[in-house]
Amino acid sequence: MNSLNKEKLINSHKAIGVIDSGVGGLTVVKEISRCLPHESIVYFGDTARMPYGPRPNEEVRRFTFEMIEFLQHQEVKLIVVACNSATAAGLSYYQQVCEQPVLGVIEPGVRAALAYSQNNRIGVIGTAGTIGSSEYEKTLKKNNGSLHIVSRACPLFVLLVENNLVDTPEARKVAHEYLDPLSDENIDTLILGCTHYPLMVDLIQEVTGPQVKLVNSAEEIVTEVEGNLIASGQQNPLNSGKTRYRFFVSGNPHPFEEVGYKMLQREIKAYQVQL
Ligand code: DGL
């Protein structure tokens, strides 16, 4: 075996790193475990410093880079920035300074939206940071200059999910306030540009109506991860034994473990780490 193939083999056994400001990136873990069950995962959730959405870009970039550095010590072969706010704040920066491939959620979400939309009228919702950066809008426009794009920051959605208030009349009211103006613009596709929004997808779909196709970036990124691993020959071999999932958080691990259990339908153990 030549040294290049040997290196590919060693790398193929390494884990995929996933980072998020908190629990929301578990939506990406769930998708990876469903679609790429032979891959191991190391997850870092910056729960002590979330939410990232209202923070300045420079700060989000710095925090995100600290998580990336942590993952690099865990020997990962690829890093997924599951957090939309972190992706918007500086994906190209992380890609420049990191030796492993770093994938963000914006490009895959945009690709899916472009494929789904029939009328070229696309909505984007996200945190204040993501929407303020206009990264979704710029990436959409780069691919199709004639799109009609309606963007809206929905900061209260994160709070509703975090506080388990999605099934309440207040949540329905907030959802109508945020989403009705988008529906009035006759969008046929809506990008859920925040890790937390897939956790309230039923309410969002109810409010937009079934004619609007919702794009879940967590689902879309997995296709990108798989493509990257195939292209670099670093898929974990099917017979490599048991996959390992390791979870690290900067805050109290217990609430994270509880949400993790609900989302992944399995007990998870999270370790607290100071960044
Ligand atoms: N993970 C963030 C995102 O996807 C949402 C939560 C936060 O504001 O930190 O934008």
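Here the structure is shown first, and the text comes after it.
Another aspect to go through is the packing of helix H5 (residues 106–116) against helix H11 (residues 217–231). Contact geometry of H5 with H11 gives a least axis separation of 8 Å together with a crossing angle of 105°. Classified by the interaxial angle, the pair formed by H5 and H11 is roughly perpendicular. In this structure, H5 uses Pro108, Gly109, Arg111, Ala112 and Tyr116 to contact H11, whose residues at the interface are Ser217, Glu220, Ile221 and Glu224. A breakdown of the residues in the contact of H5 with H11 according to their chemical character gives four nonpolar, two polar and three charged.

In spatial order, the strands read S4-S3-S1-S2-S9-S10; together these six strands make up an open sheet with parallel pairing. Both outer strands of the open sheet, strand S4 (102–104) and strand S10 (270–272), are each paired with one neighbouring strand and no more. Here the strands of the sheet are splayed against their neighbours by 20° on average, with no regard to which way each runs. The pairing of strand S3 (residues 76–81) with S4 spans three bridges and is parallel. Following the sheet pairing, Ile79 is matched in S4 by Val102.

So, on to the site of the ligand. Looking at the ligand, there are 13 residues lining it, with Ser21, Tyr52, Gly53, Ser85 and Thr195 nearest. Here Asn84 contributes a backbone N or O atom positioned 3.0 Å from an oxygen atom of the ligand. Between Ser85 and the ligand, the recorded distance is 2.6 Å, taken from a side-chain N or O atom to an oxygen atom. Relative to its unbound accessible area of 300 Å², the ligand is 99% covered by the protein chains. For the shell around the ligand, the per-class residue count stands at five nonpolar, seven polar and one charged.

Next up on the list: the sheet that holds strand S8 (residues 213–216). Taken in spatial order, the four strands make up an open sheet running S6-S5-S7-S8, and their pairing is parallel. Each edge of the open sheet carries a strand with a single partner, namely strand S6 (148–153) and S8. Strand-to-strand twist in this sheet, taken as the mean axis angle between neighbours without regard to direction, amounts to 20°. As paired strands, strand S5 (residues 121–126) and S6 are joined by six bridges and run parallel to one another. Residue pairing in the sheet places Gly123 in a bridge with Val150 of S6.

Moving on, we come to the packing of helix H9 (residues 169–184) against helix H10 (residues 201–208). Closest axis-to-axis distance for the H9/H10 pair is 9 Å, and the angle between their directions is 50°. The orientation of H9 with respect to H10, classified from their angle, is oblique. H10 is crossed by H9, and the crossing has right-handed handedness. Along the contact surface, H9 presents Ala171, Arg172, Ala175, His176, Leu179, Asp180 and Ser183, while H10 presents Leu203, Ile204, Glu206, Val207 and Thr208.

Counting residues in each nonpolar core, the largest one holds 28 residues, and the members touching the most others are Val18, Leu26, Val29, Val225, Phe247 and Phe256. If you list the elements that add at least two residues to this core, you get strand S1 (15–20), helix H2 (26–35), strand S2 (41–45), S3, H11, strand S9 (245–249) and helix H12 (253–264). When residues of this core are assigned to their parent elements, the largest contribution, five residues, is made by H11. Dropping the residues within four chain positions of it, Val225 is found in contact with Ile16, Leu36, Leu78, Val80 and Leu103. Listed in part, the 26 residues of the second largest apolar core include Ala175, Ile187, Cys194 and Val212.

If you walk through the whole model with that rule in mind, you get 13 salt bridges. Salt-bridge contacts for Glu39 lead to Lys77; the nearest nitrogen and oxygen are separated by 2.6 Å. On the criterion of sequence distance, the pair formed by Glu39 in the loop between H2 and S2 and Lys77 in strand S3 is long-range, its members being 38 residues apart. Assigned by exposure class, Glu39 and Lys77 land together as buried. The partner of Glu257 in a salt bridge is Lys269, and the shortest N-O contact between them spans 3.7 Å. With a gap of twelve residues between them, Glu257 in helix H12 and Lys269 in the loop between H12 and S10 connect regions that are remote in the sequence. Within this structure, Asp46, Arg49 and Glu66 form a network of salt bridges that share partners.

What counts and what doesn't
- As a convention, each chain's residues are numbered from 1 in the sequence order in which they are written.
- Owing to the predicted nature of the model, reporting of local features is limited to residues with pLDDT of at least 70; listing and counting of side-chain atom pairs is limited to 80 or more, with chain, interface and lining totals taken over all residues.
- Hydrogens and waters are ignored; side-chain quantities use all the structure's heavy atoms.
- Lines fitted to C-alpha atoms define the axes here, with helix axes fitted over just the stretch in contact, and angles between the N-to-C directions of these axes take values from 0 to 180 degrees.
- Helical segments are the DSSP runs of H or I of at least four residues, strand segments are the runs of E of at least two, and each set is numbered from the N terminus.
- Our angle categories are set so that under 35 degrees counts as roughly parallel, over 145 as roughly antiparallel, 65 to 115 as roughly perpendicular, and the remainder as oblique.
- For this analysis, residues touch if any pair of their heavy atoms sits within 4.5 Å.
- Under this grouping Gly is polar, as are all residues other than the nonpolar Ala, Val, Leu, Ile, Met, Phe, Trp, Tyr, Cys and Pro and the charged Asp, Glu, Lys and Arg.
- For two strands to be treated as a pair, DSSP must find at least two bridges joining them.
- Here a residue is near a molecule or strand as soon as one of its heavy atoms is found within 4 Å of it.
- Two N or O atoms form a polar contact when they lie within 3.5 Å of each other; inside protein one atom must be a possible hydrogen donor and the other a possible acceptor, and for residues adjacent in sequence the pair counts only when both atoms belong to side chains.
- Computed with a 1.4 Å probe, the accessible areas rest on the Shrake-Rupley method; for each residue, only the protein chains presented here act as cover.
- In this scheme the handedness of a crossing depends on how the near helix is turned from the far one: anticlockwise by less than a right angle means left-handed, clockwise means right-handed.
- As used here, the term nonpolar core means buried Ala, Val, Leu, Ile, Met, Phe, Trp, Tyr and Cys residues forming a set that is joined through side-chain atoms within 4.5 Å.
- When accessible area is computed with a 1.4 Å probe and restricted to protein chains, residues below 20% of their type maximum are described as buried, those above 50% as exposed, and intermediate ones as partly exposed.
- Think of a salt bridge as a Lys or Arg side-chain nitrogen and an Asp or Glu carboxyl oxygen that are within 4 Å of each other.

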